[in-house]
Amino acid sequence: MKPLTNVAEKYDHFYRYQEITDLLKGYAARYPQLTRLDETAKTPEGRSQWLLEITDTGSGDFSDKPALYVEGNIHAGEVTGCMACMYLLDYLFTNLEDPDVKRILKEFTLYIMPRVSPDGSEHYLTTPDYVRSVDRPYPFTDTMPGLAPQDLDGDGVVRRMRVKSPFGIWKISDKDPRLMVRRQPDDMDGDFYNVYEEGLINAYDGLSVKSAPQKFGNDFNRNYPIGWQPEHQQHGAGSFPLSNPETRGNAEFLLSHPNVCAVLDMHTMGGQILYTPGFKSRKDAIKADIDLYKRLGHMMQQENHYPLVNVFDEYMPQGYPPTYGGFDDFTHFTLGLPAFTIECWDLDKRAGLPEEFPPKAELSDQEQENEYLAYLKWIDQKNDGQGYKPWTHFDHPQLGDVEIGGIDYKYVVQNPPVKFLEEVIEPQARAMMRLVKSLPRVRFADTKAEHLSGDFWRVETTVENLGFMASYVFKEGLALKTMKPVCISLTADKGDLHFTDGKARTDIGQLEGFSGISGYNSTLGALSMEKDPHSRRLVWVVEGAEGTELTLTATGAHIGKTSQKVVLG
């Protein structure tokens, strides 16, 4: 797919809450036939959790079409994910006459929630603080003893501070004086340091510097009702599943919108396309669902060039415990929907570091040194030296003379420097546009009414799924035993319609998409093998007056609703 270059907005900064609100309200006001703006939750600080619904309502209401749901900033500091959502909206509304955009809006619905955690992201963007999901103290409300991160030198960034100590475990690298390397067991001479986060020490005893528990430890991506575990087993889990209004807001929206067929959760960092399961092995998931993930993931990979990685088996380091209560696992196992997480911003790859899945649980001293040297080289050569502060003396009120310096984690490691922002988010929008076009598309074909005798007519139609995904989308959804089958109804627009053969409502089960057709390359070339049906032929014999207009309607599963007219006569 060609780059999406025709956009109206600027991507030279990360958007704050009011800017996002103004843009979303502006889209809703300018394009009432295409949009509906929802407030899915109100945060404790009084901000709205916005979701924009987008479709061409001239061809059907929002809920009448298969939908893709995309969200960003379930983790407050991963603001690149939000910007990818905003870029997609910008491109769509700037290119409404583009044939590809017109077709997407005619046949599908997009639900875009750019910022799941508006409170947390606003705090992240306006203070030096790190915020995992939200700026509400958790799990402790009181100030806890230990070192708490704080910007002491006033440069707007919480970096590192190094302190000379005979007990120091670090020394200055011979390869680059900016780099600290581990002191060897037999090192007896020279300057040695301990390195801490920049900050102050609560309840300091004058001797030891221990880290305080994270102030904002709430992790929305551990707060969903799938494999949920309490705080002592899963950090950030929250008091109970969906205990946060923000997680409850997006969960309730998805539960009330069965036309959603797939979910994209936009994160940073790492540069991967992740797929579930996350709290158990993919060997314990349905193979057909994993195969679907791979087909869709490889398609998106053609746009962003990120590796496709399973969360449990490949993304988590070897030996690490699983993560519980994840949003993507919730959509997979509770809602029965495929859920991808895209980790934007591939600094490691750009710095020339090798990709290894699963990653090692622990790097050797030499590997750690090489990694940091690679970051410094990238900063020097690709980022004009910006994003690193040399070690600078500072009079610490508790520790005396320290040196503060290091990399700007928030806008070099966790998110790209803004000069790279647009080139990072544009391919993600392309991947989203390709994913939405893979949703099921149930249509009527070859519909006709044949006169038999008197007021009796034979009505025929073929119901077919032209999309890649099946009408049920995900086998896990079928396993839940709650999914409605595709239902075909035949009604008269005026008056009664009497059935001699067939019924007014007919359940036809599910329809495969073309993902259900196996393909092989043999010595004689390509070969297709069909299994389950992707189309069904239906016939009715009805009694009605000539000229009566009938409506055929297909509903159910994740297909939304589609209709076609046929006239007797």
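Residues numbered from 1 in each chain as written. Predicted model: local features only at pLDDT ≥ 70, side-chain atom pairs only at ≥ 80, totals over all residues. Heavy atoms only, no water.

A. Layout of the pairing of strand β11 (residues 260-268). Burial within β11 is extensive, with 9 of its 9 residues counted as buried. Where strand β3 (residues 67-72) meets β11, 6 bridges bridge the pair, whose relative direction is parallel. Looking at β11, one finds that Glu71 is bridged to Asp265. Where β11 meets strand β14 (residues 339-344), 6 bridges bridge the pair, whose relative direction is parallel. Note on β14: the bridge partner recorded for Val263 is Ala339. (Buried < 20%, exposed > 50% of the residue type's maximum accessible area, 1.4 Å probe, protein only. Helix = DSSP H or I, 4+ residues; strand = E, 2+ residues; numbered from the N terminus. Pairing = 2+ DSSP bridges.)

B. Inspection of the side chain of Arg115 at higher detail. Structurally, Arg115 can be placed in the loop between β4 (109-113) and α4 (118-126). Comment: no salt bridge for buried Arg115; closest opposite-charge side chain is Glu122, at 4.7 Å. Not counting the four nearest positions on each side in its chain, Arg115 is found in contact with Tyr15, Arg16, Tyr17, Ile20, Gln49, Gly72, Asn73, Val79, Cys82, Ser121 and Leu125. (Lys, Arg positive; Asp, Glu negative; His and termini not counted. Salt bridge = Lys/Arg side-chain N within 4 Å of Asp/Glu carboxyl O. Contact = heavy atoms within 4.5 Å.)

C. Quick peek at the packing of aromatic side chains. For the structure on display, the rule yields 20 aromatic pairs. With centroids separated by 6.0 Å and ring planes inclined at 70°, the aromatic side chains of Tyr124 and Tyr411 adopt a geometry described as edge-to-face. Separated by 287 residues along the polypeptide, Tyr124 in helix α4 and Tyr411 in helix α11 (residues 409-414) bring together distant segments of the chain. Through a chain of ring-to-ring contacts, the aromatic side chains of Tyr69, Tyr111, Tyr224, Phe253, Phe327 and Phe330 assemble into a single cluster. The positively charged end of Arg162 is found above the aromatic ring belonging to Tyr193, 4.8 Å away from the centroid. Lying over the aromatic face of Tyr388, Arg178 brings its terminal NZ or CZ to 5.4 Å of the ring centre. (Phe/Tyr/Trp six-rings, centres within 6.5 Å; stacked < 30°, edge-to-face > 60°. Lys NZ or Arg CZ within 6 Å of the ring centre and 35° of its normal.)

D. Representation of the packing of helix α6 (residues 287-304) against helix α12 (residues 421-436). The N-to-C vectors of α6 and α12 enclose an angle of 145°; their axes lie 8 Å apart at closest approach. Here α6 and α12 pass one another in a crossing that is right-handed. Taken together, the residues of α12 that come into contact with α6 (itself represented by Leu296, Met299, Met300, Gln302, Glu303 and Asn304) are Pro427, Gln428, Arg430, Ala431, Arg434 and Leu435. When its residues are assigned to classes, the contact of α6 with α12 shows 6 nonpolar, 3 polar and 3 charged. (Axes fitted to C-alpha atoms, helices over the stretch in contact; angles between N-to-C directions. Left-handed = near helix turned anticlockwise from the far one by under 90°. Nonpolar A, V, L, I, M, F, W, Y, C, P; charged D, E, K, R; others polar.)

E. Region of the structure containing the sheet that holds strand β12 (residues 272-275). The sheet built from 8 strands is open, its strands ordered β1-β2-β4-β3-β11-β14-β12-β13 with mixed pairing. With partners counted over all chains shown, the strands left at the sheet margins are β1 (35-42) and β13 (308-310), one partner each. In this sheet, adjacent strand axes meet at a mean angle of 25° when their direction is disregarded. Here β3 runs beside β4; their pairing, made up of 5 bridges, is parallel. Looking across to β4, one finds that Tyr69 is bridged to Tyr111.

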